[in-house]
Amino acid sequence: MGQQTLIYSFVARGTVILAEYTEFSGNFTSIASQCLQKLPASSTRFTYNCDGHTFNYLVDNGFSMSKLELIIYWDAAYCVVAVESAGRQLPIAFLERAKDDFSKKYGAKGGKASSAGPNALKREFGPKLKEQMKYCVEHPEEINKLAKVKAQVNEVKSVMMDNIEKVLDRGEKIELLVDKSENLRSQAQDFRKQGGKVKQKMWIENMKMKLVVAGIFTALALIVFLSVCPRFKC
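Now for a look at the structure at hand. Keep in mind the model is a prediction, meaning the values are calculated, not measured.

What counts, and at which threshold
- Residues numbered from 1 in each chain as written.
- Predicted model: local features only at pLDDT ≥ 70, side-chain atom pairs only at ≥ 80, totals over all residues.
- Heavy atoms only, no water.
- Helix = DSSP H or I, 4+ residues; strand = E, 2+ residues; numbered from the N terminus.
- Buried < 20%, exposed > 50% of the residue type's maximum accessible area, 1.4 Å probe, protein only.
- Contact = heavy atoms within 4.5 Å.
- Areas by Shrake-Rupley, 256 points an atom, 1.4 Å probe, with all protein chains shown as cover.
- Pairing = 2+ DSSP bridges.

Topic: the overall build of the protein chain
Logical step 1: If you tally the helices and strands in the protein chain, you get five helices and five strands.
Logical step 2: Shown N-terminal to C-terminal, the secondary structure of the protein chain runs as helices and strands in the order β-β-α-β-β-β-α-α-α-α.
Logical step 3: Relative to its 234 residues, the protein chain shows a buried fraction of 28%.
Logical step 4: Taking the contacts inside the protein chain whose residues are at least 6 apart along the sequence as the reference set, 59% of them involve residues at least 24 apart.
Logical step 5: Of the accessible surface of the protein chain, which amounts to about 16,200 Å², a share of 59% is contributed by carbon and sulfur atoms.

Here is the structure:
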């Protein structure tokens, strides 16, 4: 495989290692297995540093179809042990590629991966782990370029999500303004109705006052007429 960069890898169902590959010997296999037993449930990616090596894990929700056409879900764990100087991009790239290959091969009908025993898939999938480890080690520049492109895509995605949130927030504020304008319009209508009622009441009171004044003048005119009429013998 060339220089000692990626030295060991495996794929597991839960804590059961289904396939593994390495060209080197050492206690890293037992350490990787022990770390698998203690992966945090709250994280899909985890890296453990030990003795100049990194133990990198990727946990994904795997699935397969049973003979009864039922979908069986389980946690697929992918691991690669690398020298510490390899950094983070190379192991992550391998884990993603191994996950894609495993999902394509076993994420379908048959349910083989969901029921296979320890190392039952080593003969089938071990060579694929070897192939991907070799590819990542021999194409670091391509891996770095892909990592940069992915980082840019994630950045653009983050900006887009931020813009969407701002638009949604603006939408909520616009809805509040619409609600306020509707309330003002409703209050204006109520005010006009109330003003109409007040105006009508004032008109009635004004007519009453005019009728009272007219009645008083009529009464005074009648009194004057009656007092003057006997003198002139009306």
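Looking at the environment of Arg123
Logical step 1: As for its position among the elements, Arg123 is in helix 4 (residues 122–138).
Logical step 2: Of the residues examined, Arg123 reaches a relative accessible area of 80% and is grouped as exposed.
Logical step 3: The spacing of Arg123 and Leu18 is 105 residues in sequence and 9.9 Å in space, taken between C-alpha atoms.

Some details on the pairing of strand 1 (residues 6–13)
Logical step 1: Burial analysis of strand 1 places eight of its eight residues in the buried class, the great majority of the element.
Logical step 2: With six bridges joining them, strand 1 and strand 2 (residues 16–22) adopt antiparallel strand pairing. Residue Phe10 lies in a different strand from strand 2, and its bridge partner there is Glu20.
Logical step 3: In this antiparallel pair of consecutive strands, strand 1 and strand 2, the connection spans two residues, and Gly14 shows a positive phi of 65°.

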